[in-house]
Amino acid sequence: MASFGWKRKIGEKVSKATSQQFEAQAADDKDLADDDDANWVHATKRRKEILLEDCVKKSKQLKDEGASLAENRRYREALHKWDEALQLTPEDATLYEMKSQVLMSLHEMFPAVHAAEMAVQRNPRSWDAWQTLGRAQLGLGEIALAIRSFQVSLHIFPMNPEVWKEDLSWARKLHEQQKATKTEAVQALAKEKDLAQESIPDYDFESDEIVAVCAAIAEKEKALSAAKTVVIVSASGTVETVTEKEDSPTTPDETLFIRAR
């Protein structure tokens, strides 16, 4: 009967030198793999940076072209250029602020306010964006909102004489005129109401004159109701109107054809 001895592990058959060589090769392969991963990540980041740089460069080019068109009053073409630029750099507040100015020149106030609001959202520290927003709000008649926007612009850049002397001063003047107009309208409405109340006489329905008039009207109605008229049409076509009393009514003869009251 065969005897079974303890089996040696396979690894024990590998020489120590071979094992060390294998481990060194595995470490080199790992380093190469790590280097490949690092190179791939770096290459991806670099491609993104290059793409972003290209977008910014193209956007600036479109922005400058649009500004040149706007200076020549070619507003629609300028808007088209800036819309293309916003596709590349959607966070550029300056593009929205420039759009708002051109839209105001085209008297499109609602889009102008929207574009200025987008500029303020993207750069709340831009005093010129707040100034443009205030001007657009004035175009819509939102005087109180425009005053607030001009005040924010001055808070960011207190030394701006244009906002202080022109925009804010003009907005406050309009606000005072608006208040005065509202006050005059309220006063005129109150005056009309008072005149309307005065035009209605205040009758005393229990006075002797009113009682006498009512009594006279009642007597006249009573007299009219006491005498009644009868229209009689005979068979021959003769029409006759007869007044009858309540105590002695008129009785038509046999020739009565139609009787109408």
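- Going by what an unreviewed UniProt entry lists, the chain is known as TTC33 protein and is assigned to Lophotis ruficrista.

**Some points on the packing of helix 5 (residues 127–139) against helix 6 (residues 143–156)**
Okay, step 1: Here helix 5 crosses helix 6 at 165°, and the two axes come no closer than 8 Å. One way to sum up the angle between helix 5 and helix 6 is to call them roughly antiparallel. In this structure, helix 5 crosses over helix 6, and the sense of that crossing is left-handed. Two secondary-structure elements touch here, helix 5 through W127, W130, Q131, L133, G134, R135, Q137 and L138 and helix 6 through I143, L145, A146, R148, S149, F150, V152, S153 and I156.
Okay, step 2: A class-by-class count of the residues in the contact of helix 5 with helix 6 yields 10 nonpolar, 5 polar and 2 charged.

**Some words on unusual backbone geometry**
Okay, step 1: Not every positive phi belongs to a glycine, and R73 is a case in point at roughly 65°.
Okay, step 2: Looking at where R73 falls in the secondary structure, it is placed in the loop between helix 1 (16–71) and helix 2 (75–88).
Okay, step 3: On the basis of relative accessible area, R73 is assigned to the exposed category, the value being 66%.
Okay, step 4: Positive phi, normally seen in glycine, also occurs at H107, with a value near 60°.
Okay, step 5: Looking at where H107 falls in the secondary structure, it is placed in the loop between helix 3 (93–105) and helix 4 (109–122).
Okay, step 6: Its relative accessible area of 66% is what places H107 among the exposed residues.

**Describing the UniProt feature "repeat: TPR" (unreviewed entry) in the chain**
Okay, step 1: The feature "repeat: TPR" (unreviewed entry), as annotated in UniProt, sits at residues 59–92 and 127–160 in this numbering.
Okay, step 2: The distance separating the terminal C-alpha atoms of residues 59–92 is 9 Å; by composition the span is 79% helix and 0% strand.
Okay, step 3: Counting secondary structure, residues 127–160 comes out at 79% helix and 0% strand; the distance between its end C-alpha atoms is 9 Å.

**Overview of the confidence of the model for the chain**
Atom-level detail of predicted coordinates should not be read off regions where pLDDT is low.
Okay, step 1: Taken residue by residue, the chain gives an average pLDDT of 76. The fraction at 70 or more is 60%.
Okay, step 2: Highest mean pLDDT in the chain belongs to helix 4 (96); lowest belongs to strand 3 (residues 256–260) (45).
Okay, step 3: This model gives residues 1–14 a pLDDT under 50, and the stretch forms 1 contact once residues within four places in sequence are excluded.
Okay, step 4: Counting interchain partners and residues more than four positions distant, the pLDDT-below-50 stretch residues 254–261 has 22 contacts.

Reading guide: rules and limits
- Residues numbered from 1 in each chain as written.
- Predicted model: local features only at pLDDT ≥ 70, side-chain atom pairs only at ≥ 80, totals over all residues.
- Heavy atoms only, no water.
- Axes fitted to C-alpha atoms, helices over the stretch in contact; angles between N-to-C directions.
- Helix = DSSP H or I, 4+ residues; strand = E, 2+ residues; numbered from the N terminus.
- Parallel < 35°, antiparallel > 145°, perpendicular 65-115°, else oblique.
- Left-handed = near helix turned anticlockwise from the far one by under 90°.
- Contact = heavy atoms within 4.5 Å.
- Nonpolar A, V, L, I, M, F, W, Y, C, P; charged D, E, K, R; others polar.
- Buried < 20%, exposed > 50% of the residue type's maximum accessible area, 1.4 Å probe, protein only.
- UniProt positions renumbered as here; feature names shortened; annotations may be inferred.
- pLDDT = per-residue confidence, 0-100.

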